[in-house]
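# Results of the structural survey
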Amino acid sequence: CLPRDRACGGGTPYLCPGSTWTCAEPYADCLESGCCADASFGCFKKVGLQYAQCLPSSRACGGDSGLLCLGEAWDVPPSAPSAPPLPCLDGGAASFGDCYETHCCADEAFGCFKLIGKQYALCLPRDRACGGGTPYLCPGSTWTCAEPYADCLESGCCADASFGCFKKVGLQYAQCLPSSRACGGDSGLLCLGEAWDVPPSAPSAPPLPCLDGGAASFGDCYETHCCADEAFGCFKLIGKQYA
């Protein structure tokens, strides 16, 4: 049970409170859920691989089996070492400076992070969080501009220089349209260069009271899915039988 304002979902190790914890069927992949629908099966993780499968609980494990035993802490396979960044041909952008045109930073400890959905990028420290669940594309990601009339919400740019990326007011949608397209006013489109609005999230329903009192704050809520303090929510660790 953690405070409800805790980050969760994409890019974090937690499923959000209220998410469905669907246990996998026998012999199916259980890496994300960490559990099996059949009580006679267990979720066995392959050593050194990002893969786990629901197998009979009596399955041999440990030793040379290649499987971690049930209840054993899951290992995290090491990531492949990344190649050192190449030096910038033109010197590169300054630290914390705009690198949208160059895609490169003068200081090798910094990387060029593009803001998703914006025609803007900054040189930021390479240990900055990026990718899923953050507003930044990771350094080295391909910035693919959208074709005419295609969705450009993520890239924020268009492959044809005579087109611009127009965002629909109040919606999470943007499209590459001719730059001469009418915008603003009653058009329903934000004009090029105008700051994009962020549609408000739908208000969440108040949490229901726990029928059995619920788990204590910062306590284990895997069985109950519920917390005694309504300011706390039950966050499940992805790939673990723990919440």
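Please read all numbers here as calculations on a predicted model, not as lab measurements.

Turning next to the overall build of the chain. Check the secondary structure of the chain and you find 0 helices and 11 strands. Along the chain direction, N to C, the helices and strands of the chain fall in the order β-β-β-β-β-β-β-β-β-β-β. The proportion of buried residues among the 243 residues of the chain is 31%. Carbon and sulfur atoms make up 57% of the accessible area of the chain, which totals about 14,500 Å².

We now examine the packing of aromatic side chains. Tallying each qualifying case throughout the model produces 3 aromatic pairs. Arranged with centres 5.2 Å apart and planes meeting at 85°, the rings of tyrosine 149 and phenylalanine 163 form a pair that is edge-to-face. Taken together, the residues span a long stretch of sequence, with tyrosine 149 in the loop between strand S7 (136-137) and strand S8 (163-167) and phenylalanine 163 in strand S8 at a distance of 14 residues. Measuring from ring centre to ring centre gives 5.2 Å for phenylalanine 218 and phenylalanine 232, while their planes differ by 85°; the resulting arrangement is edge-to-face. Of the two residues, phenylalanine 218 sits in the loop between strand S9 (174-178) and strand S10 (232-233) while phenylalanine 232 sits in strand S10, which places them 14 residues apart along the sequence. Residue classification places phenylalanine 218 among the exposed positions, given a relative accessible area of 58%. Taking relative accessible area as the criterion, phenylalanine 232 reaches 13% and is therefore assigned buried.

Taken in spatial order, the 3 strands of this open sheet run S6-S5-S7, and their pairing is antiparallel. The two strands at the open ends of the sheet, each matched to only one other strand, are strand S6 (121-125) and S7. Summarising the sheet, strand S5 (residues 110-115) and S6 pair through 5 bridges and their orientation is antiparallel. The residue bridging phenylalanine 110 from the neighbouring strand is proline 125, located in S6.

So, about the state of the cysteines. Such a bond, covalent and formed between the sulfur atoms of two cysteines, is termed a disulfide. This model, assessed by the stated rule, comprises 7 disulfides. Paired by a disulfide, cysteine 61 and cysteine 69 hold their sulfur atoms 2.1 Å apart. Residues cysteine 61 and cysteine 69 are joined through a disulfide that is right-handed, its torsion about the S-S bond being 105°. Here cysteine 61 falls in the partly exposed class, since its relative accessible area comes to 28%. For cysteine 69, a relative accessible area of 24% translates into the label partly exposed. With its sulfur 2.1 Å from that of its partner, cysteine 105 forms a disulfide with cysteine 123. A torsion of -100° about the S-S bond marks the disulfide between cysteine 105 and cysteine 123 as left-handed. Residue cysteine 105 is located in the loop between strand S4 (52-56) and S5, and its partner cysteine 123 is located in strand S6; the two are separated by 18 residues in the primary sequence. Of the residues examined, cysteine 105 reaches a relative accessible area of 7% and is grouped as buried. With relative accessibility at 0%, the residue cysteine 123 sits in the buried group.

Moving on to the environment of alanine 182. The topology assignment puts alanine 182 in the loop between S9 and S10. A residue is classified by how much of its surface remains accessible, and alanine 182, at 55% relative accessible area, is exposed. Apart from residues no more than four positions distant in its own chain, alanine 182 is found in contact with Ser187 and Leu189.

Summary statistics for the chain give a mean pLDDT of 76 and a share of 75% for residues scoring 70 or more. Between the elements of the chain, mean pLDDT differs from a low of 68, seen in strand S2 (residues 14-15), to a high of 90, seen in S6.

With respect to the helices and strands, the residue glutamate 72 is situated in the loop between S4 and S5. The exposure class assigned to glutamate 72 is partly exposed, which follows from its relative accessible area of 39%. Between the alpha carbons of glutamate 72 and glycine 62 there is a distance of 9.4 Å; along the sequence they are 10 residues apart.

What counts, and where the lines are drawn
- Residues numbered from 1 in each chain as written.
- Predicted model: local features only at pLDDT ≥ 70, side-chain atom pairs only at ≥ 80, totals over all residues.
- Heavy atoms only, no water.
- Helix = DSSP H or I, 4+ residues; strand = E, 2+ residues; numbered from the N terminus.
- Buried < 20%, exposed > 50% of the residue type's maximum accessible area, 1.4 Å probe, protein only.
- Areas by Shrake-Rupley, 256 points an atom, 1.4 Å probe, with all protein chains shown as cover.
- Phe/Tyr/Trp six-rings, centres within 6.5 Å; stacked < 30°, edge-to-face > 60°.
- Pairing = 2+ DSSP bridges.
- Disulfide = S-S within 2.5 Å.
- Contact = heavy atoms within 4.5 Å.
- pLDDT = per-residue confidence, 0-100.

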